[in-house]
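Chain residues, written in single-letter form:
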Amino acid sequence: MTRIPLVAGNWKMNGRRAMAAQLAAEVAAGAPAGVEVLLCPPLVYLDTVAAAAKGSPVCFAGQNVAATSDGAFTGEVSAEMLVDAGCQYVLVGHSERRTLFAEDNAQVADKFCRALEAGLRPVLCIGETLAEREAGRTEQVVNAQLEAVFSRITAAQLVGAVIAYEPVWAIGTGMTASPDQAQAVHAHIRARLSGAFGAELAESLRLLYGGSVKADNAASLFAGADIDGGLIGGASLDAETFLAICQAATA
Ligand code: 13P
């Protein structure tokens, strides 16, 4: 099964309108063929980014989504609003949401299901902390994060979804997982998918690696048989660097 690689730039809470427009235009102009390119800008700049990338195949995602439908939820943004604003995808369960905003597995599963209901493709972010890895609990943690979602959905609903493995200790630290460490967890995730939903679906889904991916380590990470691209933080804020990472995913 050939999976089209996916490289997503998670801008997090960075930039201003002019920077967002310029970065999106440069990414749109330089996006290589053979890889799906996804931008996750701050929500207030989504229209600007979409306008700057108009006519290009670049896709867009929210960085977060409300766990509920529209209503009296001050400060939240619904899945339907993200669709309305031009998003095809949404990140759910990013480790910064889990750690800094106390999102637990159940809330993440709620958000995942809401995204599906609205027709968005969720990008489920999972990963262990350094303490969990050192305690030999990586698979256990990842299993619980997956199971919270798997127990709520069918195989048919999972078509088109994406899973991003982002070890918390590698995010923004410059401490990238080695290609072998990343591939081992990705193979484990695919095996869990296969066990829960069958080999065909498991083979069709894209698994991204995230955590200090840079232009000089992307190719070796993406060479992993079960690594289908990346979720890029800091390095996605520079067009040349991000495009080099996108290029590495096409190889
Ligand atoms: P960095 O690439 O800055 O480590 O961030 C990874 C990440 O959290 C992407 O969602």
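Refer to the structure presented above.
Residues numbered from 1 in each chain as written. Predicted model: local features only at pLDDT ≥ 70, side-chain atom pairs only at ≥ 80, totals over all residues. Heavy atoms only, no water.

K.L.:
So, the overall build of the protein chain: which residues are in play, and what are the values?
P.N.:
Check the secondary structure of the protein chain and you find 12 helices and eight strands. Its C-alpha atoms give the protein chain a radius of gyration of 17 Å, near enough to 18 Å, the size a compact globule of 251 residues would have. On the principal axes, the C-alpha backbone points of the protein chain span a range of 45 × 45 × 35 Å. Looking at the protein chain as a whole, 52% of its 251 residues are labelled buried. For the protein chain, restricting intrachain contacts to residue pairs at least 6 apart in sequence, the fraction spanning at least 24 positions comes to 72%. For the protein chain, the accessible surface area stands at approximately 10700 Å², while carbon and sulfur atoms represent 54% of it. Looking at charge distribution, the protein chain has the averaged site of its 17 positive side-chain charges lying 2 Å from that of its 26 negative ones. (Helix = DSSP H or I, 4+ residues; strand = E, 2+ residues; numbered from the N terminus. Rg over C-alpha atoms; globule rule 2.2 N^0.38 Å. Buried < 20%, exposed > 50% of the residue type's maximum accessible area, 1.4 Å probe, protein only. Contact = heavy atoms within 4.5 Å. Areas by Shrake-Rupley, 256 points an atom, 1.4 Å probe, with all protein chains shown as cover. Lys, Arg positive; Asp, Glu negative; His and termini not counted. Charge placed at Lys NZ, Arg CZ, Asp CG, Glu CD.)

K.L.:
Got a sec to walk through the site of the ligand? Specific residues and values, please.
P.N.:
Near the ligand, the surroundings consist of 13 residues, among which Lys-12, His-94, Gly-172, Ser-212 and Gly-234 are the closest. Here His-94 contributes a side-chain N or O atom positioned 2.8 Å from an oxygen atom of the ligand. Contact between the ligand and Ser-212: an oxygen atom at 2.8 Å from a main-chain N or O atom of the residue. Protein contacts shield 97% of the accessible area of the ligand, which totals 310 Å² for the unbound molecule. (Near = heavy atom within 4 Å. Polar contact = N/O pair within 3.5 Å; in protein donor to acceptor, adjacent residues only side chain to side chain.)

K.L.:
Residues and numbers for the environment of Val-27, please.
P.N.:
Within the fold, Val-27 resides in helix α1 (residues 17–30). When near neighbours in sequence (up to four residues on either side) are disregarded, Val-27 contacts Val-37, Leu-39, Val-58, Ala-239, Phe-242 and Leu-243.

K.L.:
Which residues make up unusual backbone geometry, and what are the values?
P.N.:
Glycine aside, negative phi is the norm for most residues, and most peptide bonds take the trans geometry. Positive phi values are uncommon outside glycine, yet Ala-102 reaches one of about 55 degrees. Along the polypeptide, Ala-102 turns up in the loop between α4 (95–100) and α5 (105–118). Under the relative-accessibility criterion, Ala-102 is labelled exposed at 57%.

K.L.:
An account of the pattern of salt bridges is needed here, citing residue identities and associated values.
P.N.:
Applying the stated criterion across every chain, the model contains 12 salt bridges. Put simply, Arg-133 and Glu-128 hold a salt bridge, and the shortest N to O gap is 2.7 Å. Given the relative accessible area of 22%, Arg-133 is considered partly exposed. It is possible to trace a salt-bridge network through shared partners that takes in Arg-3, Arg-190, Glu-203, Asp-226 and Asp-228. (Salt bridge = Lys/Arg side-chain N within 4 Å of Asp/Glu carboxyl O.)

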